[in-house]
Amino acid sequence: MITPGEIPAHLPHALWLFLDFAEAAARTGRHAEAAAHVAAVRGTRIPAVSPRLAMMTDAAEAIATPDAIDHELFRRAVDTPDAERWPFEWARIRLAYGERLRRARAGAEARGHLDAALGTFRRLGAGPWSARAANELRASGIPVGVPAGAAASGAGRPAPLTPQELQVARLAATGLTNKQIGARLFLSPRTVAGHLSNAFPKLNVTSRAGLRDALTGLTPERAPERTA
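These numbers were taken from a predicted model, which means no experiment stands behind them.

Novice: Hey, could you go over the pattern of salt bridges for me, with residue numbers and the actual values?
Specialist: Summed over all chains, the structure comprises 13 salt bridges. Residue Glu 99 is joined to Arg 132 by a salt bridge in which the shortest nitrogen-to-oxygen separation is 2.8 Å. Of the two residues, Glu 99 is situated in helix H6 (residues 87-103) and Arg 132 in helix H8 (residues 127-139); the sequence distance between them amounts to 33 residues. Sharing partners across several salt bridges, the network here consists of Asp 20, Glu 23, Arg 27, Arg 92, Glu 99 and Arg 132.

This is the structure in structure tokens:
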């Protein structure tokens, strides 16, 4: 058992549960407990152990903040170098940030994070997390198609492109670089690269050269079918 504000020694799984603890406490209104636990984490060497744990610590502290969005902490967590090595944690952090942005009526910025989270959760097969991200994205005003694999007739098909994956892929098909696409969509080049890495297998292509043909007639609600 883990007590708020205490990081038990010789309990390795405590390293991987503090983000869950902080989010569960915050979502149930126990912000003081969440903050105390994050403070205890900060008081140890946990954030210095690895970039992954530093990312999770920043996110936990941002999530524990009750009355305002701590953009600095969220952005530092999202922009952690090589964050894509830990796709599930990275996606849940982007989901948490997007949720707060949407509720603060920062819809355009929220949609970028929610869309990235949804694409990653779908790629990982994280069904409940995909549903949560999709619901948030719909609430932000973006229609979200049902993954083809959710229907019996869709077995073996890849998931459909999310709206932002489609938008990024279409711009990439015109020859724009990741930096140029990011400037147009107010995204970082790293985020653009993440959207493209999700889109390529869904479109059955391995490079930008095949995007133009693969995207012909495609919409976010329609899943591309692989050819034999």
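Novice: Describe the packing of helix H10 (residues 178-185) against helix H11 (residues 189-203), listing the residues and the values that go with them.
Specialist: One way to put it is that H10 packs onto H11 with a least axis distance of 8 Å and a crossing angle of 105°. Between H10 and H11, the crossing angle belongs to the class labelled roughly perpendicular. Along the contact surface, H10 presents Asn 178, Lys 179, Ile 181 and Gly 182, while H11 presents Pro 189, Val 192, Ala 193 and Leu 196. Residues belonging to the contact of H10 with H11 are distributed by class as follows: five nonpolar, two polar and one charged.

Novice: Now, about the nonpolar core: what can you tell me, with residues and values included?
Specialist: Counting 40 residues, the largest nonpolar core has Phe 18, Met 55, Phe 74, Ile 93, Leu 95 and Phe 121 as its most contacted members. Secondary structure elements with two or more residues in this core: helix H1 (14-27), helix H2 (31-42), helix H4 (51-64), helix H5 (71-78), H6, helix H7 (107-124) and H8. It is H4 that provides the largest number of residues to this core, a total of eight residues. Aside from chain neighbours lying at most four places away, what touches Phe 18 is His 37, Val 41, Ile 46, Leu 53, Met 56, Thr 57 and Ala 60.

Novice: Hey, could you go over H2 for me, with residue numbers and the actual values?
Specialist: The terminal C-alpha atoms of H2, which comprises twelve residues, lie 16 Å apart, in line with the 16 Å expected from a rise of 1.5 Å per residue. Looking only at H2, the buried set comprises Ala 34, His 37, Val 38, Ala 40 and Val 41. The buried residues of H2 all sit within an arc of 155° when viewed along its axis, so they share a single face.

Novice: Break down H6 for me, citing the residues and quoting the values.
Specialist: In this model H6 runs 24 Å from its N-terminal to its C-terminal C-alpha over 17 residues, within 8% of the 24 Å that 1.5 Å per residue would give. Burial analysis of H6 places twelve of its 17 residues in the buried class, the great majority of the element. For H6, the full list of buried residues reads Glu 89, Trp 90, Ala 91, Arg 92, Ile 93, Arg 94, Leu 95, Ala 96, Tyr 97, Gly 98, Glu 99 and Leu 101. Positive backbone phi, at 65°, marks Arg 105, one or two positions downstream of H6.

Novice: Summarise unusual backbone geometry; cite the residues concerned and give the values.
Specialist: Phi is positive for Arg 105, close to 65°, though the residue is something other than glycine. By relative accessible area, which is 79% here, Arg 105 ends up exposed.

Novice: Outline the packing of aromatic side chains, listing residues and values.
Specialist: Applying the stated rule across the entire model yields four aromatic pairs. When the centroid spacing of 5.3 Å and the interplanar angle of 85° are considered together, the rings of Phe 88 and Trp 129 count as edge-to-face. Of this pair, Phe 88 sits in helix H6 while Trp 129 sits in helix H8, placing them 41 residues apart in sequence. Judged by its relative accessible area of 28%, Phe 88 falls in the partly exposed class. Judged by centre distance (5.5 Å) and plane angle (35°), the ring pair of Phe 121 and Trp 129 falls under tilted. Comparing Phe 121 with Trp 129 shows no difference in burial state: the two are buried. Ring-pair connections join several aromatic residues into one group, and the members of that group are Phe 88, Phe 121 and Trp 129.

Conventions adopted
Residues numbered from 1 in each chain as written. Predicted model: local features only at pLDDT ≥ 70, side-chain atom pairs only at ≥ 80, totals over all residues. Heavy atoms only, no water. Salt bridge = Lys/Arg side-chain N within 4 Å of Asp/Glu carboxyl O. Helix = DSSP H or I, 4+ residues; strand = E, 2+ residues; numbered from the N terminus. Axes fitted to C-alpha atoms, helices over the stretch in contact; angles between N-to-C directions. Parallel < 35°, antiparallel > 145°, perpendicular 65-115°, else oblique. Contact = heavy atoms within 4.5 Å. Nonpolar A, V, L, I, M, F, W, Y, C, P; charged D, E, K, R; others polar. Core = buried A, V, L, I, M, F, W, Y, C linked by side-chain atoms within 4.5 Å. Buried < 20%, exposed > 50% of the residue type's maximum accessible area, 1.4 Å probe, protein only. Expected span 1.5 Å × (residues − 1). Arc of directions from axis to C-beta. Phe/Tyr/Trp six-rings, centres within 6.5 Å; stacked < 30°, edge-to-face > 60°.

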